[in-house]
Amino acid sequence: MKLIAGVDIGNSTTEVCIGSFDDDGKVTFLASASKLTTGTKGTLANVPGIKAALEEAMGRLQKPVSSLSLIRINEATPVIGDTAMETITETIITESSMIGHNPSTPAGTGQAVGTILHIARLDQGREELPYILIADSSYSYEKVAELANQYSKRLNLTGIILQADEAVLVWNRLERKIPIVDEVKNISQIPEGKLAAVEVALPGQTVRMLSNPYGIATLLKLNADETKQVTPIAKSLIGKRSAVVIKTPHGNVKENILPAGEIYLEAGKTYVVNIDAGADKIMETLEEAGEVEDIRGQDNTNIGNMLSGIKAGMGEVSGETGGNIRITDILAVDTLAPVPIAGSLAGEACLEKAVGIAAMVKTQQLPMEKIALELKRQLNINVKVAGVEAVMASLGAITTPGTRLPLAILDLGGGSTDAAVIDEDGRVAVTHQAGAGELVTMLIQTELGLTSRLEAEQIKKYPLAKIESLYHMRLESGAIHFFEEAVDPKYFGSVVLLAPGEMIKLTQDIPLEKIAAVRSEAKKKVFLRNAVRALKKVAPENNLRNIPNIVLVGGSAEDFEVPEMLMEEFISFKIVCGRGNIRGTQGPRNAVATGLVLSYIGG
Ligand code: ADP
Ligand code: MG
C-alpha cells in the first residue's frame, strides 16, 4: 500500500487530496484539505501553504506527512489574472445649478420653491415673494432658528439650506416647519436672487419631484426647451434623499467623455479598439481577431499602464523578460463607478460609466520544478510535477456522479475561467479566459462604492437579509424568518449577510434590493460571457451543442447563484450543467488534486 498526495496550487487556494493505492493499483481516497495559497502562484513562497495543507490532510488520518510515498503537484498553467477599472465619463456642473446628496440627517419633508436669500439680508426680503433661506456655518443653529422664526412673521420662508450638519437642530426650533437641506459644503457658490426648488424626501424614500424633469418644470415653471435642458440634472438626482435645483440661465450639468486609451490586439494584424467604445465593442473585436498573440495598451494611458504593469509583475515571478510574457486574453465589462461631480456644491457623486478589465498573462513556464525541489528537500519525500492542470481537473470532474464522456468542465477560479473538454478517447482541449471571481468582487466594490474589498467579497458570497425587528428578518426572496430568541439590538433595521454561523452587518446604508441587483448583475456579466466564450473555444467544431454535459468546478462554482445562472443559460442548448461533486463528496472543490492522485500509475 502506498500513500499518494495530489497538490493543486491555485492563485487563491492550495488543495490536497490523499489516496492510497493497493498492490493491484486500486485507489481509495482517504482525505482532503485546503488552505489559502501562500505567496504568488508558482513561487517558492507557496511551500509553507503546501506543507500546511498536507499536514491538515494527513492529520485527519492521524499519520505523519513523512508516511507519504509521493507528492504530485500540478503543472500550473503559467497564467495570472489581474483587474483594473477605467472611468470614461465625467459629470461637470457649470454655474452651480443643483445640489443633490444624501445628508445623514435631513429634516422636514416636502418641497418648497422660492428666491434664494442669504440670512444676512433677511431685512431686505419683500413680503410678496416666497424665499429659500441660506445660512453658512458662521451662524449657529440657534441663531438660524431665531432669525427664521422672527422673520417668518413678515416674510414667506419656504425652505432652508444649511452649510452645517444641523438641519434637525434648526428644525426642532422652528415655529413653522419647512424642509431643510444641510451639509452643503460649498454654500458660498449658491447664487442669491435666483429661483430655487428644494425637496426633502419622506423617511426611507428618495426625492420624487426633482428627479423628474416634469417635476422640476412644475416647480420652477419651465417651458419645454428649458425642461429638456434640466433632464441631466433630474437624472443625477435619482436616488437622493434631498435636493436643490436652482434656475440659472446658463446653468447645466454636462456629461463629458474622458479621453480613454486604445487597446491593440496583435493577431497577425493589429486590431485597434478604444476603451470608451464600451465592453461589447471590445469583446466583439477580440472575437473577430481570433487567436491573439499579445495585447497592449496605448502608452501613457490608464489601460496602457495597467497592461504593462501586469506584464512586469509576471516577469518578476517567472524570471523571464520581454517577448516571452504576453497577454493572451482580456475580459471587458461595462460598469458604473460613483465619482465626485466636478463643481459640486455638496460633495455629490454621480455614477459614471466605466469599463472593468481583467487580463491574463502567459509566459513560457512557471518554475514549478523549483517548488518541487524545495518541497522534496524540506520533507524528504519524492515530489513530482505531474499533469496539466485542466487535464487533471477533467479527470477529477468525471468522478462527479451522473457524468459521462465527452465531458466539459468549467473551472471558475479567482483570476481565470478555464474550460476543458475531454472526449471518449481521453483527448483534452483546453482554454484559459481572463476574468472570474476577483473581477466580480471588484465590480461589486466599485458599483456599491465600498471602501473594503473584504466586504465586497462577503457580499458576493452570502445571501442578504433585512433585520426588520428583533424577532424577525426578511430574506432576499421576500420570505420572513423568525428568530427563536431576540437578536442583538445592534442589528435592528440593518441589512445583513447570512454567513455560515453568523450575521455580518454591512457598514454602509445601501438598500437590500440595490445590493442584490448589483451582485447578481456582476456575476452574470463575468461568468455568463466567459462560460460561453470559453466553451465555444473547446467544443468540438466550436459548437456548444456538441457538449452533452458541463461540470462546474473551482471556488466560484461554490457560489450560491452562479451555477443556477449558468444552468439556465445552457438549458436552451440541451446541455446538462451543474455544480460538480468531486468523488461524490467534495462539491466543486478538489478536482485538480483528485485528478493528480487518479493519474498516478505506479512509479
Ligand atoms: P484558484 O484555483 O485560482 O486558487 P479557486 O478555485 O480557489 O481559485 O477560486 C477562488 C475564487 O472563488 C475567489 O474569487 C473566491 O472569491 C471564490 N469563492 C470561494 N468561495 C466562494 C463562495 N462560497 N461563493 C462564491 N465565490 C467563492
Ligand atoms: Mg484552480
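No experiment lies behind these values; they were computed from the predicted model shown. Every chain is numbered independently, its residues counted from 1 as its sequence is written. Naming scheme: in the order in which they are written, chains are lettered from A and ligands are numbered from 1. Per-residue local features are limited, in this predicted model, to residues with pLDDT of at least 70; the limit for side-chain atom pairs, both in listing and counting, is 80 or more; totals at the level of whole chains, interfaces and linings are taken over all residues. The side-chain figures draw on all heavy atoms in the structure; neither hydrogens nor water molecules are used.

> Kindly report on the pattern of salt bridges, identifying the contributing residues and their values.
Salt bridge, as applied in this entry: a Lys or Arg side-chain nitrogen positioned within 4 Å of an Asp or Glu carboxyl oxygen. Within the structure shown, the criterion is met by 26 salt bridges. Its salt-bridge partner being E266, residue R296 comes within 3.0 Å of it at the nearest N-O pair. Placement of the pair is R296 in strand β17 (residues 294-297) and E266 in strand β15 (residues 262-267), with a sequence separation of 30 residues. The network of salt bridges with common partners includes E476, R519, K523, D559 and E561. Secondary structure elements follow DSSP: runs of H or I no shorter than four residues count as helices, runs of E no shorter than two count as strands, and numbering proceeds from the N terminus.

> Explain the sheet that holds strand β22 (residues 416-422) to me, using residue names and the numbers behind them.
When DSSP finds two or more bridges between two strands, those strands count as paired. Here we have five strands laid out as an open sheet, ordered β23-β22-β21-β29-β30, and mixed in their pairing. The open sheet has two edge strands, β23 (428-434) and β30 (576-579), and neither has a second partner. This sheet shows a mean twist of 15° between the axes of neighbouring strands, independent of strand direction. With five bridges joining them, strand β21 (residues 407-412) and strand β29 (residues 549-553) adopt parallel strand pairing. What sits directly across from L407, in β29, is N549. Those strands touched by helix α10 (residues 389-397) are β21, β22, β23 and β29, and its axis lies near 115° from that of β21. Where helices are involved, their axes are fitted lines through C-alpha atoms of the stretch in contact, as for all axes, and angles between N-to-C directions lie from 0 to 180°. Any two residues whose heavy atoms approach within 4.5 Å are treated as being in contact.

> Now, about the packing of aromatic side chains: what can you tell me, with residues and values included?
Aromatic ring pairs: the centre-centre distance and the angle between the two ring planes describe each pair. For Phe, Tyr and Trp, where Trp contributes only its six-membered ring, two rings pair if their centres lie within 6.5 Å, and the inter-plane angle classes them as stacked under 30 degrees, edge-to-face over 60, or tilted in between. Following the criterion strictly, the structure yields two aromatic pairs and no others. Ring geometry for F21 against Y600: centres 4.8 Å apart, planes inclined by 70°, an arrangement best described as edge-to-face. Taken together, the residues span a long stretch of sequence, with F21 in strand β2 (residues 13-21) and Y600 in the segment after α15 (591-598) at a distance of 579 residues. When sorted by exposure, F21 lands in the same class as Y600, which is buried. Relative to F573, the ring of F570 lies with its centre 6.4 Å away and its plane at 50°, an arrangement referred to as tilted. Partly exposed describes any residue whose relative accessible area lies between the buried limit of under 20% and the exposed limit of over 50%, with all areas from a 1.4 Å probe on protein chains only and scaled to the type maximum. Judged by its relative accessible area of 0%, F570 falls in the buried class. In this structure F573 comes out as partly exposed when scored by relative accessible area, which is 24%. Whether a charge sits over a ring depends on NZ of Lys or CZ of Arg being within 6 Å of the ring centre and within 35 degrees of the ring normal. Sitting over the ring of F29, R583 keeps its end group 4.7 Å from the ring centre.

> A description of the nonpolar core should follow, citing residues and the corresponding values.
Counting 80 residues, the largest nonpolar core has I263, L410, L535, I550, L566 and F570 as its most contacted members. Per element, the largest residue contribution to this core is 13 residues, and it comes from helix α13 (residues 512-538). With residues near it in sequence (within four places) discarded, L410 still touches T417, D418, A419, A531, A534, L535, I550, V551, L552, V553 and L566. Ranked by size, the runner-up nonpolar core spans 27 residues in total, among them L3, I9, L54 and A57. Here, the term nonpolar core denotes a set of buried Ala, Val, Leu, Ile, Met, Phe, Trp, Tyr and Cys residues that are joined through side-chain atoms within 4.5 Å.

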